[in-house]
Amino acid sequence: MNKILLFSLICFMNIGVFAQTKAPSFLRFYEYSDMMQAPDGALKFGTYGFSSPSILNYLHDGDLQLSYSRLLDGNVNGKYSDYGRYGVFYGSPGFGFGAINTNFSNYNVTDYRYSLGFGNKTFGLGFGYGFVGGDKSLAGRSNSWQWSMLYRPSQHLSFSLDQTRSIDFDDYETVGQVAIRPIPEYPLALFADGALYMGHDENLRDLNSNNIKEHLRFSYGVSWEALDGVRLNGRMFSNPIIMGTEIKGDYFSVGLDLSLGTSGVSIATGNNPNTGGNNYASFSYRSGAIDRTIFDDFSFVPKMFYATFDLSGSIKYQRNIFFDNSKTLLGILEKLDNIKNNDAIKGIMINAVGMQANPSIAWEIREKIKEIKEANKKVVIFIERTDLEGYHFASVADKIIIDEMGTVTPSGYILGSSYYKNMLAKLNIGYEELRLYKYKSAAESFAREGFSEGNKEQLQALIDSWYDTSISEIAESRKKVSKEQVDSLVNNKLFYFANELKENDFVDKIGRWTDREDILESIDAKAFLLPGIVINERPEPMDDKWGGNSDGIAVIYAIGVCSMEGGINARKLVEDVKKAVKNDNIKAIVLRVDSPGGDALASEYIAKVIRDNKDKKPIIVSQGMLAASGGYWLSMDADKIFASPKTITGSIGVISAYIYDKGAASELGITTDKVQVGKYADLGYTWRDPFIGLGLPTRNLTTDERGQWEGTISTMYDEFITKVAAGRDKEKDAIHEIAQGRVWTGADGFKNGLVDKIGGLDHAIKLARKEAGFDEGELKKIYEYPTAKSFDIASLFSGVIGFNFTKTKEKIDLFKFSVNNNGLPMPLLPIDFWDYYVTE
């Protein structure tokens, strides 16, 4: 920071010799003070970068201001005509444009400026370029450039430094601004500013007490937002330039800025207290960005629009920075929330054709759509060909529209496994299932020929719970059909055509997404369709909060196999959690878990950092489709755990398996030889093929080794249930009763205490905001971790040639994970479940 201040001081001093000009060759800071009731650093965004480009970093949305000023007591020194002058200013985050037209008695000029600003809420830089239109030569004007710096180290202080330089001549002006807010986050600002203009072969060494007043001008005053959007401003000038006239002595101006929400008006007037002359009046109107206003509760917006929302395609957690327009769960939830809160929107039309989401994510989006209905807005969902899960999603709508060639195949749910024991025997590969607990079935696909009793029991309970959730919620939403009728729909026929579904009240209309405008007219003739882009939430102003980044919550994604480097990438993820804990702007953390488990070390890395820091700020877990075994280990120490009714959770248990050569090497003509020191050194010794490096351990476990292995599993299981009991504040024996490796749905997990609340990511975020002390509905920033990848080569190639490289790479990584961890006891789900979780 010392370097920044030194740089600013050098620029401010700028000692040098300059060529003669008869008059200033650009519009100086105080020459347009009639259009600026207070300097940029004290009142909103000033002139949107015209005078101080670095303020553009604080702009939250596009805004346009039109200004008009004129003298009230006629021309002064014959300099201005009776028409006054006009200003047009536009600003958006990082960009600004302005123009001021001045009508002199014998010529007319327009000063234009383009501005760019960048940085953060603590420090910003800006640059601008100005050019002149009209009678440029008669006015002695030149094009110019400017640089700007804004520094707000705290909620109390704002400091800016700006310099404008002529391009054709050598005159320049340096402006400094200081504003102080005595009360944090309360828009009462005391300000002072000064401008030093140098020209005509002058340099700073020549300044003295006799001539300083000819070069230096300053003002001070107060800007007070007495009520939301009602701003009172008073400003005292010394030697100002008012409407082109240089005034000796003091000059006073007062102004009122009144916000109407997305528009606003302001009026200001000035007076020379010594002579009573040089009076002016200035009027401004702005439109565009949302601003605070006292009229929020009294505004009336007619509900006449239907938003359109396309859910076709896959849904993931984070999109890549470049070359990725994928939909994300958080993005969908936020946009649906915006629709719910938009007073102009009376309904929504959703395209669910080709929607690709696992049952848990589909349920989460369905819940958010329910909120839209509860806000008295109509919901219309389009489908084509779908199954029970897809129909369950669509059933939330007021109107279900099915394509005339569409079908519903409500065949129910099935879970099964393929068993490879006999295949491995034919390949001369040995496989040992090291299993101590009834329901922990992660290894049985390679050791058995069919379900174990425990696995069959838990999987049947799983799909029974899913089925009950689906048909119950369908009946609840459709109202015209009972739960028994939905059950008959599933069990009476294989599939149903559009007309049959409509006749039995399972859909409401027959139509196609491409004909949605005509369908809307038939539903609501007085409504209009909005394009999807309009539903984005308008950014809220942040000029009332100086310094630092916005307060908010963090959403941290723990996605994939629990691994130290791959999957959840525990070594990096633990640093992301620590970073969120240390960040004072992050008031609460939501950990989104979608993982089948894996390495206990990786799970404990994350569990420990949660355990050690949940007393510092609230930490809430949102479980996705899979949060079982090691995925539950990630969750168990949070303050609260949310899960959807279709989440697969629990599976608190440990299992191991050992794969080894049982003659495969001999069949391939491979022999091995070795030397060793240590009784167990050859355990896991592997032959390898010379081409791709795959191989198998050369021997099975001995009775001694198997006993030790089972002891390790037992010890790890005891540690697991002990940690769960502590994290969930329950007795260890009670956890053992619902553990033993058994999987549960979120609905059943809620009943047995493994889950605190039924809900999705949106519900977890709401609780986190509440626990952080934010007001309900208050918009706060969401910090997402890990940082999104720049781009994904596999996804790019998949899109180009139609082959899913991403899924193929995942399968290879899973195989490598299994081989590299051969024999290790792990809290892990069966591989059959691994396709359920969202991988990105």
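Residues numbered from 1 in each chain as written. Predicted model: local features only at pLDDT ≥ 70, side-chain atom pairs only at ≥ 80, totals over all residues. Heavy atoms only, no water.

Engineer: For this particular structure, what's the right way to read the environment of Q65?
Structural biologist: Note on placement: Q65 falls in strand β1 (residues 63–71). Classification of Q65 by relative accessible area gives buried; the value is 10%. With 33 residues separating them in the primary sequence, Q65 and G98 have C-alpha atoms 9.3 Å apart. Not counting the four nearest positions on each side in its chain, Q65 is found in contact with M35, Y48, G87, V88, F89, S284, Y285 and R286. Only 3.1 Å separates the side chain of Q65 from the side chain of S67, close enough to count as a polar contact. (Helix = DSSP H or I, 4+ residues; strand = E, 2+ residues; numbered from the N terminus. Buried < 20%, exposed > 50% of the residue type's maximum accessible area, 1.4 Å probe, protein only. Contact = heavy atoms within 4.5 Å. Polar contact = N/O pair within 3.5 Å; in protein donor to acceptor, adjacent residues only side chain to side chain.)

Engineer: So what exactly am I meant to see when it comes to the nonpolar core here?
Structural biologist: What tends to happen in soluble globular proteins is that the nonpolar side chains get buried as a cluster. Core analysis: the largest hydrophobic core is formed by 62 residues, its most contacted members being L336, I365, I369, I381, F393 and V590. Ranked by residues supplied to this core, first place goes to helix α3 (residues 329–341) with six residues. Of all hydrophobic cores here, the second largest spans 55 residues; its members include A558, M564, A570 and L634. (Core = buried A, V, L, I, M, F, W, Y, C linked by side-chain atoms within 4.5 Å.)

Engineer: Teacher, can you tell me more about the packing of aromatic side chains here?
Structural biologist: The geometry of an aromatic ring pair comes down to the distance between the two centres and the angle between the two planes. In the structure shown here, the tally under the stated rule is 29 aromatic pairs. On the basis of an interplanar angle of 90° and a centroid distance of 5.2 Å, the ring pair of Y32 and F50 is categorised as edge-to-face. Highlighted residues: Y32 in the loop between α1 (2–13) and β1 and F50 in the loop between α1 and β1, separated in sequence by 18 residues. Residue classification places Y32 among the buried positions, given a relative accessible area of 2%. Residue classification places F50 among the buried positions, given a relative accessible area of 1%. By the ring-pair criterion, three or more aromatic residues cluster together here, those being F29, Y30, Y32, F50, F89, F237, Y251 and Y280. (Phe/Tyr/Trp six-rings, centres within 6.5 Å; stacked < 30°, edge-to-face > 60°.)

Engineer: Looking at this structure, I do not really get a negative patch on the surface. What am I missing?
Structural biologist: Residues D515, E517, D518 and E521 make up a contiguous surface patch of negative charge. Within the secondary structure, D518 is located in helix α11 (residues 516–523). (Patch = residues over 30% accessible without salt bridge, like charges linked within 9 Å, V, L, I, M, F, W, Y side chains within 5 Å. Areas by Shrake-Rupley, 256 points an atom, 1.4 Å probe, with all protein chains shown as cover. Salt bridge = Lys/Arg side-chain N within 4 Å of Asp/Glu carboxyl O. Lys, Arg positive; Asp, Glu negative; His and termini not counted. Charge placed at Lys NZ, Arg CZ, Asp CG, Glu CD.)

Engineer: How should I be thinking about the side chain of S441 in this particular structure?
Structural biologist: Mapped onto the fold, S441 is located in the loop between β24 (429–434) and α7 (444–447). Given a relative accessible area of 4%, S441 falls into the buried group. S441 has contacts with R435, N455, Q458, I655 and P830, leaving out every residue within four places of it along the chain.

Engineer: Please clarify how the pattern of salt bridges should be interpreted in this entry.
Structural biologist: Close approach of charged atoms allows side chains of opposite charge to pair. Across all of its chains, the model carries 50 salt bridges by this definition. Residue R231 is joined to E225 by a salt bridge in which the shortest nitrogen-to-oxygen separation is 3.3 Å. An identical accessibility class is assigned to R231 and E225; each is buried. Across the salt bridge formed by K766 and D762, the nearest N and O atoms sit 3.4 Å from each other. Of this pair, K766 and D762 both sit in helix α19 (residues 761–771), four residues apart, which is roughly one turn of that helix. You can call K766 partly exposed: its relative accessible area is 36%. Sharing partners across several salt bridges, the network here consists of K44, D63, E225, R231, D257, R286, D291 and R292.

Engineer: Help me out: how do you make sense of the sheet that holds strand β21 (residues 355–356) in this one?
Structural biologist: Each strand in a sheet pairs with its neighbour through backbone hydrogen bonds, running either in the same direction (parallel) or in the opposite one (antiparallel). If you walk across this open sheet you meet the three strands as β19-β18-β21, and the pairing is parallel. Two strands bound the open sheet, and with one partner strand each, they are β19 (327–328) and β21. Bridge count for strand β18 (residues 313–316) against β21 is two bridges, and the pairing is parallel. Bridging across to β21, S314 finds its partner in Q356. (Pairing = 2+ DSSP bridges.)

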